[in-house]
Structure formats: structure tokens, C-alpha cells
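Spelled out from the first residue to the last, the chains are:
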Amino acid sequence: MSQRKVLPEFDGRLMDGLLFCRRVYRYFENIRGGPQGKSLLRRRNNPELKKLVEELIPLAVFIQRKYSAAVQIRVRWRAGNQSFDAQLYRSGGAVEVGVYSRRFYVEITNAMHRNDYYSRLLVDSQRVSFGPISISKNAEGELTSTPSVWRNYEFLESMVATIRDAVAKKTAKVYPQNTVLLVSCTFERTVLPEEWEEAITQVKKTVNIRPFPEVFLLDAAGYLTASIYAHKE
């Protein structure tokens with residue numbers, strides 16, 4: 001018996017990048033507006049919802065940032081266990097003059113606190129969550145969240161460590177040439193634009209992103225984005 005395909009309306013289908021974005025956001029809104037939609041999106045207890053929130057939406061944001069009058073993008077997302085998550089094809093004036101290659105790949109990963117699911121679960125159960133860092137679990141499996149305080153630069157250091165760890169896990173693996181790493185980050189609290197900029201600055205100084213030519217970072221809560229490029233020797 002063949003296994004049911006995950007998100008067949010997207011998996012393996014080549015389409016224009018902006019059409020892909022529209023379909024992803026429409027799919028998300030249909031779920032969010034449906035019965036128990038918000039709860040389903042918080043819990044992500046099936047492969048389709050997990051792929052939607054953790055892969056398709058970040059990929060759509062990436063495409064929106066890269067699509068322009070000079071660079072049009074087609075995308076083929078794949079749900080399998082291959083060594084990349086999407087194949088993308090560029091066309092347009094910037095490609096014709098050699099500024100960008102025609103084909104590249106995207107690998108998608110998520111960076112978040114290990115208790116992020118528990119935080120969402122508390123909210124979904126109409127209980128208080130003071131953030132992932134403050135959650136504990138007793139022997140009976142009961143979750144408790146208590147207030148915590150960030151001192152001085154602790155939150156900024158936590159952001160940098162979250163990004164660094166996510167990139168390091170991926171740089172140790174083998175990918176097709178010309179693969180961009182897309183990192184969707186969920187932090188312990190709302191990120192201010194100046195905090196985001198400082199974290200990216202520190203990551204650029206301290207993290208070797210090779211073999212990736214680019215790491216594209218996305219703050220999943222606020223849709224702040226940034227690109228880090230590999231240094232040429």
C-alpha cells in the first residue's frame with residue numbers, strides 16, 4: 001500500500017514563486033479560519049501542518065524577498081528526505097547578464113528553544129506561558145511556567161547562540177552545490193529590530209557558514225530577515 005502523500009498540492013509541483021506564495025498563504029488562512037484552526041496550527045500534530053508552518057511559510061517569505069523585476073523565480077518544493085527542501089529556478093535580466101545562476105537549492109531548518117512546543121501547548125490550553133525558557137515539567141507530565149527576567153545582554157546572547165547552533169548543525173552535512181540555508185528562528189520573546197540587527201552582526205563575525213554560499217535568516221514572529229554570505233578567499 002502506497003503511503004499518503006504530504007501536501008500533494010505543493011509536493012513536487014513546479015510553479016511561479018509568487019503563485020506559490022499566494023497558495024501557501026491561502027492554505028494557511030483556510031486552516032486558521034476553520035474549525036479549531038488556531039489550535040491545530042499551535043499544536044502541529046500532523047506532518048502537513050508541521051511542513052506548512054516550518055517549511056512552506058518560511059520558503060514563501062524567502063521567495064518574496066528574492067523575487068523582483070530583475071529576478072523571477074520558479075519553485076519546486078519537495079516533502080521527502082532528500083538533501084534539500086526545494087529547487088528554485090531564476091530567470092530575468094540579472095540572470096541573463098550572469099549576476100545570478102539559473103538554478104539553486106534551498107535547505108530549510110528551524111531554530112527554537114527546546115520548550116517551544118510546551119509554550120504553545122500552554123497557550124492552546126488557555127493557560128499562561130511566560131516563554132519557553134520558564135517552563136518546567138514534573139514527573140506526572142504537568143507543565144508549569146514561571147516568570148523570568150533577562151539581564152543586560154542575555155537575550156541578545158541567546159539569539160546569537162540559537163542562530164549559531166542551527167547553522168552549525170547543517171554545515172556538518174552534505175548538500176548539492178549552490179544550496180542556500182534558510183533558518184526560521186523562533187526566539188523566547190518578541191525581537192526588536194535593533195536587537196535583530198545586532199544579533200546578525202555578531203553572527204556574521206563569528207559563524208563560518210560554508211558550504212552554503214548564503215544563509216537566509218527569518219524571525220518567524222516578526223518577519224525580520226537578513227542574509228549572510230560566505231566570504232570569498
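What you see as residue numbers is a count from 1 along each chain, following the sequence as written. Thresholds applied to this predicted model are a pLDDT of at least 70 for local features of residues and 80 or more for the giving and counting of side-chain atom pairs; totals over whole chains, interfaces and linings are not thresholded and use all residues. The basis for the side-chain values is all heavy atoms of the structure; hydrogens and waters are excluded.

Enquirer: Any chance you could explain the nonpolar core here in plain terms?
Expert: The nonpolar side chains of soluble globular proteins are, as a tendency, buried together. Residues grouped as a nonpolar core are buried Ala, Val, Leu, Ile, Met, Phe, Trp, Tyr and Cys residues, joined through side-chain atoms within 4.5 Å. Burial status follows relative accessibility: with a 1.4 Å probe on protein chains alone, a residue under 20% of its type maximum counts as buried, one over 50% as exposed, and anything between as partly exposed. Formed by 35 residues in total, the largest nonpolar core has its most connected members in Phe20, Leu59, Phe62 and Val106. It is helix α3 (residues 47–66) that provides the largest number of residues to this core, a total of 10 residues. In this analysis, two residues are considered to be in contact whenever any of their non-hydrogen atoms come within 4.5 Å of each other. Here Phe20 is in contact with Phe10, Met15, Leu56, Leu59, Ala60, Ile63, Val75 and Trp77, once residues within four sequence places are set aside. A run of H or I in DSSP counts as a helix once it spans at least four residues, and a run of E counts as a strand once it spans at least two, with each numbered from the N terminus.

Enquirer: Even after reading the chapter, I still don't get the sheet that holds strand β4 (residues 103–112), so can you show me in this structure?
Expert: Strands pair in a sheet through their backbones, by hydrogen bonds, and they do so in one of two ways: parallel or antiparallel. Whether two strands pair depends on DSSP finding at least two bridges between them. Reading across from one edge, β1-β2-β3-β4-β7-β8-β9 is the order of the seven strands in this open sheet, with mixed pairing throughout. The sheet is open, and its two borders are formed by β1 (14–16) and β9 (225–229), each paired with just one other strand. Across the sheet, the mean angle separating the axes of adjacent strands is 25 degrees when strand polarity is ignored. Here strand β7 (residues 179–186) pairs with strand β8 (residues 214–219) via five bridges, running parallel. The residue of β8 that forms the bridge with Cys185 is Asp219. Sitting on the sheet, helix α1 (residues 17–32) is in contact with β1 and β2 (72–77), with an inclination near 95 degrees to β1. Every axis in this analysis is a line fitted to C-alpha atoms, fitted for helices over the stretch in contact. Angles between the N-to-C directions lie between 0 and 180 degrees. Contacts between helix α7 (residues 193–206) and the sheet are confined to β8 and β9, with β9 contributing the most and set at about 10 degrees to the helix.

Honestly, it's all geometry; don't read function into it.
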